[in-house]
Amino acid sequence: MSAGTADGVRVDEVLLAEPRGFCAGVDRAIEIVERALVRFGAPIYVRHEIVHNTFVVNDLKAKGAIFIEDLAEVPPGATLVFSAHGVSKAVRSEAARRGFQVFDATCPLVTKVHVEVAKLSKEGYEFIMIGHKGHPEVEGTMGQLHEGIYLVEDVADVARVQPRGGRLAVVTQTTLSVDDAAEILAAVKQRFPHVREPKKQDICYATQNRQDAVKVLAPAVDVVVVVGSPTSSNSNRLRELAERLGTPAYMVDSAEDLDPAWLDGRRRVGLTAGASAPDILVQQVIARLRELGALSLRKMDGVEESVHFPLPRGLGDRSMAELAAARAAGHAAELDEQDEGDAAASAGATAAGDSAAPAGSARTVDRS
Ligand code: SF4
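Residues numbered from 1 in each chain as written. Predicted model: local features only at pLDDT ≥ 70, side-chain atom pairs only at ≥ 80, totals over all residues.

1. Focus: the overall build of the chain
Here comes step 1: Across its full length, the chain holds 13 helices and twelve strands.
Here comes step 2: When each of the 368 residues of the chain is scored for burial, the buried share is 45%.
Here comes step 3: Summarising the internal contacts of the chain: among those between residues at least 6 apart in sequence, 78% fall at separations of at least 24. (Helix = DSSP H or I, 4+ residues; strand = E, 2+ residues; numbered from the N terminus. Buried ≥ 20, exposed ≤ 12 C-beta atoms within 10 Å, placed from the backbone. Contact = placed C-beta atoms within 7 Å.)

Written out as structure tokens, the structure is:
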């Protein structure tokens, strides 16, 4: 039995979803900014929040990152990082035109979708994109083409979309609800029976695995707490999924957001975290739950993830100490020359639609 608290909350057990928290794309994106800061010094400009998490963004701001939405805010000659969500071709071109040194932190699994769109477009395809309007990943993917890509957010949108009538393919945002996307895709296939589907679904391994874990977690607890920022698509989907399964669910950006009233009369608390939420926040929420009387903590069984994406050359092929030493020793000019080539090669690979290196280097995860 729990110790309980003065306000009557009695949490007995905390069940931790597995997997939860950071994915390989988020890990890589944050490391790119951190390494750029060590290598080139502050400020490093980042287009859009590098990942959708308040703690991560504030931490990088404190280290010297400046987050912008409009490239006009970036001074000439600056180093610019594209966020994990990816960018449109127009943004990529503008960055090149303004002469920034660019490092691309677009998740390789988003780049894979961009590459598919570019390749099939050359073969005459138009596209239906399943995703959320206004999300930067959707803007980036739709912005791979000037025309011929139509957004559907729900089943009702499918009836409204008016492609020209030629070859049609479907792509999706990587962080959708797996179940919602399947329902919308079924409606697309019903209206357009010959639509081309991706060989492997666009919803990424991390989104799938975290949703699968909530499907196990939610029925086993009285309430689910999701650590994630309000802007995080995949975190929102985890909360919605738990509620759909009949378990009340709440999102917290930090431990301070945890309202004891949510736990009233609920003795088993399920805890998970979106792909952009760092483990330190999960640990702080656990500490808060212990203050509220939680006696035991149990980790659920789940898929073990081992996906890793390589860093761009010029940042990933030296240790942090070597990057710092190179800068301190005043070798910036020499390394700049080399890195410019690397950054251009990295940006060029995406622009040219060749993501074979990053996507192919990901080790796949068994979701069974
Ligand atoms: S959630 Fe998926 S697509 Fe997004 S950064 Fe992580 S691995 Fe990449």
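2. Thoughts on the environment of D222
Here comes step 1: By the secondary structure assignment, D222 is in the loop between helix 8 (205–217) and strand 9 (223–227).
Here comes step 2: Along the backbone, D222 and L263 are 41 residues apart, and their C-alpha atoms lie at a distance of 8.5 Å.
Here comes step 3: Apart from residues no more than four positions distant in its own chain, D222 is found in contact with R266, R267 and R268.

3. Brief notes about the confidence of the model for the chain
Here comes step 1: On average, residues of the chain carry a pLDDT of 89, and 87% of them reach 70 or more.
Here comes step 2: Note on residues 340–368: pLDDT under 50 across the span, and 61 contacts to partners over four residues away in sequence or across chains. (pLDDT = per-residue confidence, 0-100.)

4. Let's talk about the nonpolar core
Here comes step 1: One finds V33, I50 and V81 to be the most contacted residues of the largest nonpolar core, which totals 64 residues.
Here comes step 2: Other than its neighbours up to four places away in sequence, V81 contacts I32, V33, A36, I44, V46, I50, F103 and A105.
Here comes step 3: Of all hydrophobic cores here, the second largest spans 32 residues; its members include A213, V223, L263 and A294. (Core = buried A, V, L, I, M, F, W, Y, C linked by C-beta atoms within 7 Å.)

5. Focus on the site of the ligand
Here comes step 1: Surrounding the ligand, one finds 15 residues, the nearest of these being C23, G25, C107, T174 and C204.
Here comes step 2: Ranked by residue count, the leading element in the shell around the ligand is helix 1 (residues 24–40), at three residues.
Here comes step 3: Residue classes in the shell around the ligand are distributed as ten nonpolar, five polar and no charged. (Near = placed C-beta within 6 Å. Nonpolar A, V, L, I, M, F, W, Y, C, P; charged D, E, K, R; others polar.)

6. Quick look at the packing of helix 8 against helix 9 (residues 233–244)
Here comes step 1: Contact geometry of helix 8 with helix 9 gives a least axis separation of 9 Å together with a crossing angle of 25°. For the element pair helix 8 / helix 9, the angle class is roughly parallel. Helix 9 is crossed by helix 8, and the crossing has right-handed handedness. For the pair formed by helix 8 and helix 9, the contact residues are T207, R210, Q211 and V214 on the first element and N234, R237, L238, L241 and A242 on the second.
Here comes step 2: The residue makeup of the contact of helix 8 with helix 9, split by class, is four nonpolar, three polar and two charged. (Axes fitted to C-alpha atoms, helices over the stretch in contact; angles between N-to-C directions. Parallel < 35°, antiparallel > 145°, perpendicular 65-115°, else oblique. Left-handed = near helix turned anticlockwise from the far one by under 90°.)

7. Brief notes about the sheet that holds strand 10 (residues 249–252)
Here comes step 1: Reading across from one edge, 10-9-11-1-12 is the order of the five strands in this open sheet, with parallel pairing throughout. Looking at which strands have only one partner, the edges of the open sheet turn out to be strand 10 and strand 12 (296–299). Mean inter-strand twist for the sheet, computed between neighbouring axes without regard to direction, equals 25°.
Here comes step 2: One ladder, built from five bridges, connects strand 9 with strand 11 (residues 268–273); its direction is parallel. Considered in strand 11, the bridge of V226 is made with T272.
Here comes step 3: Helix-sheet contacts for helix 8 involve strand 1 (13–16), strand 9 and strand 11, and the interaxial angle to strand 11 is about 180°.
Here comes step 4: Contacting strand 9, strand 10 and strand 11, helix 9 crosses the sheet at an angle of about 160° to strand 10. (Pairing = 2+ DSSP bridges.)

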